[in-house]
Amino acid sequence: MGNLAIVGGVKTRVNPFPASPVIGEEERRLVNEVLDTGQLSGFIAQAGDRFLGGPKVLALEALVKQHFSVEYAVTANSATAGLHMAIAAAGIGPGDEVIVTPYTMSASAAAILMANAIPVFADIDEDIFCIDPDEIEKKITPLTKAIVVVHLFGQSADMDQIMAIAKKHRLTVIEDTAQAPDAEYKGKLLGTIGDAGILSLNQHKTITSGEGGVLITNRKDIAEKARLIRNHGEVIVRDNGPESIMNTLGWNYRMTELEAAVAIGQFKQLDFLTEHRIGLAENLSEFFKQSAYKGITPPVIREDNKHVYFLYPMKFNAQKVGVRRETFVKAILAEGVPMGQGYVEPIYMEPLYQNKSAYGNRGCPFSCSLYKGSAQYGKGLCPVTERMYEFEVILLPLCRYPIQIKDLDDVKQAFEKVFSNLDELKEYEKST
Ligand SMILES: *Cc1c(COP(=O)(O)O)cnc(C)c1O
């Protein structure tokens, strides 16, 4: 029996970390209001006021609009739906290419396929894990219509350079802000810099209504079309829709009054929850900077950026630490501290892209006769992303309320313990 928990020693943290989210009195009160009315959804798919949803949906949209200082907020039943709405509303469709990072939740790219367009993957900047503007430029073709920018882990992509590229090539910019509500780039809230931004309210995000999403935009045309796509647009375009019916085919992406009620209560906590996250993360960063463990790099924060730490990402260098990433993570986990590695596989490695088959079994939309390009999805396509996924990224999912700074003592102690017993861990690695 050794010191480290992985070889039978005493665990650093025995009790689980406090669970999120915390649902408050305000959310309960608002949900009860909805239950008392019996009207659990306010939407009807016909022209008139109720095409836009019930009172709680409208109240949530008003709050979001005000908070982000944007002209339009359009709720949906997920951020995935919101992304699809934004892409379709921007007029993107069959034959078009949309540039996106492969290092993100699958939906950021799947939403492009939902509009029958083709995702083209551009590699990331290895300091901030977001799409690299220079790589975007390399992927632009005459077919490129848009860029889906993902502000990964809570920090902004390099928006000045991305917006300049978009302007030069007349591309729409959609900001996937699911992981970065309230994060800022040069004083601007993320989601308000491009043509549209998407927030997520799913169970795991900073604020939640279980499932839900919101599209924010200053473009009237995008907001109006998004509302049609959200609510069976085809039934009302004859008399009340825009002049062009392109991409008005509607899904049912409507948010219920119950979700909107919870989201309103949660939304009022966003500032507090964000500051809490930042406080925890800065405490961790202080620790990692002071301890200066060889082979562990704490998050890099770009100048004039407000990172909101949906996840706390670090880089791991196996050569410097002396054990494989997998072994190190196992040792930390054994100490009772949750930690992830790699994040997600580069999206293009998913079978859908490897087999180039999204709809039916004849290669649609990749082999569609309207598509004149040749998007590639082979291994090696985005080497930086692959290296982050396979070797370097480690993630602490602990910068969230109600975890407190005192809980982080156990995280620090676990790292301290593993680093003081590296020889023991090397022995363990040899034996496995
Ligand atoms: C969570 C997430 C989504 C999808 O959000 P849903 O609300 O679950 O549809 C999209 N993009 C990113 C980057 C996410 O983290």
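Quick caveat: nothing in here was measured; it's all calculated off a predicted structure.

Undergrad: Any chance you could explain the sheet that holds strand β6 (residues 184-185) here in plain terms?
TA: For sheets, the rule is that strands pair by backbone hydrogen bonds, running either parallel or antiparallel. Here three strands make up an open sheet; going across it, the order is β7-β6-β11 and the pairing antiparallel. If you trace the sheet from one side to the other, it starts and ends with β7 (188-189) and β11 (305-306), each paired once. Pairing of β6 with β11 involves two bridges; the strand directions are antiparallel. Considered in β11, the bridge of Tyr185 is made with Asn305.

Undergrad: In this structure, what is going on with the sheet that holds strand β10 (residues 296-297)? I would like to understand it.
TA: Strand order in this open sheet of four strands is β10-β12-β14-β13, and the pairing throughout is antiparallel. Either end of the sheet is taken by a strand with one partner, and the two such strands are β10 and β13 (340-341). Bridge count between β10 and strand β12 (residues 312-316): two bridges; the pairing is antiparallel. By the bridge assignment, Thr297 is partnered in β12 with Lys315. In this fold helix α10 (residues 270-291) packs onto β10, β12 and β14 (393-396), with an angle of close to 20° to the strand it touches most, β12.

Undergrad: For this particular structure, what's the right way to read the nonpolar core?
TA: Generally speaking, nonpolar side chains in soluble globular proteins are found buried as a group. Counting residues in hydrophobic clusters, the biggest one holds 115 residues, and the most contacted among them are Phe288, Ile296, Phe328, Leu396 and Phe415. Looking at this core, the element that brings in the most residues is helix α3 (residues 79-89), giving eight residues. Contact partners of Phe288, with chain neighbours within four places excluded, come to Tyr293, Ile296, Pro298, Tyr312, Met314, Leu396 and Phe415. Ranked by size, the runner-up nonpolar core spans 25 residues in total, among them Val64, Leu199, Ala260 and Leu273.

Undergrad: Could you clarify how one ought to interpret helix α4 (residues 107-114) in this entry?
TA: Given 3.6 residues per helical turn, the α-helix brings residues three or four places apart onto the same face. Taken across its eight residues, α4 has six buried, putting it largely inside the fold. Of the residues making up α4, those classed as buried are Ala107, Ser108, Ala109, Ala111, Ile112 and Leu113. If you follow the buried residues of α4, they end up packed against α3, β2 (97-100), β3 (118-121), β4 (144-150), β5 (172-176) and α13 (351-354). Directly beyond the C-terminal end of α4, a positive phi value near 65° is found at Asn116.

Undergrad: How should I be thinking about the packing of helix α12 (residues 325-334) against helix α15 (residues 405-420) in this particular structure?
TA: The relative placement of two packed helices comes down to the angle between their axes together with the axis-to-axis distance. Running from amino to carboxyl end, α12 crosses α15 at an angle of 130°, the nearest separation of the two axes being 9 Å. Regarding the angle of α12 to α15, the classification is oblique. As α12 packs across α15, the resulting crossing turns out to be right-handed. For the pair formed by α12 and α15, the contact residues are Phe328, Ala331 and Ile332 on the first element and Ala414, Phe415, Val418 and Phe419 on the second. In terms of residue class, the contact of α12 with α15 is built from seven nonpolar, no polar and no charged.

Criteria and thresholds
- Residues numbered from 1 in each chain as written.
- Predicted model: local features only at pLDDT ≥ 70, side-chain atom pairs only at ≥ 80, totals over all residues.
- Heavy atoms only, no water.
- Pairing = 2+ DSSP bridges.
- Helix = DSSP H or I, 4+ residues; strand = E, 2+ residues; numbered from the N terminus.
- Contact = heavy atoms within 4.5 Å.
- Axes fitted to C-alpha atoms, helices over the stretch in contact; angles between N-to-C directions.
- Core = buried A, V, L, I, M, F, W, Y, C linked by side-chain atoms within 4.5 Å.
- Buried < 20%, exposed > 50% of the residue type's maximum accessible area, 1.4 Å probe, protein only.
- Parallel < 35°, antiparallel > 145°, perpendicular 65-115°, else oblique.
- Left-handed = near helix turned anticlockwise from the far one by under 90°.
- Nonpolar A, V, L, I, M, F, W, Y, C, P; charged D, E, K, R; others polar.

That is the geometry; function is a separate question.
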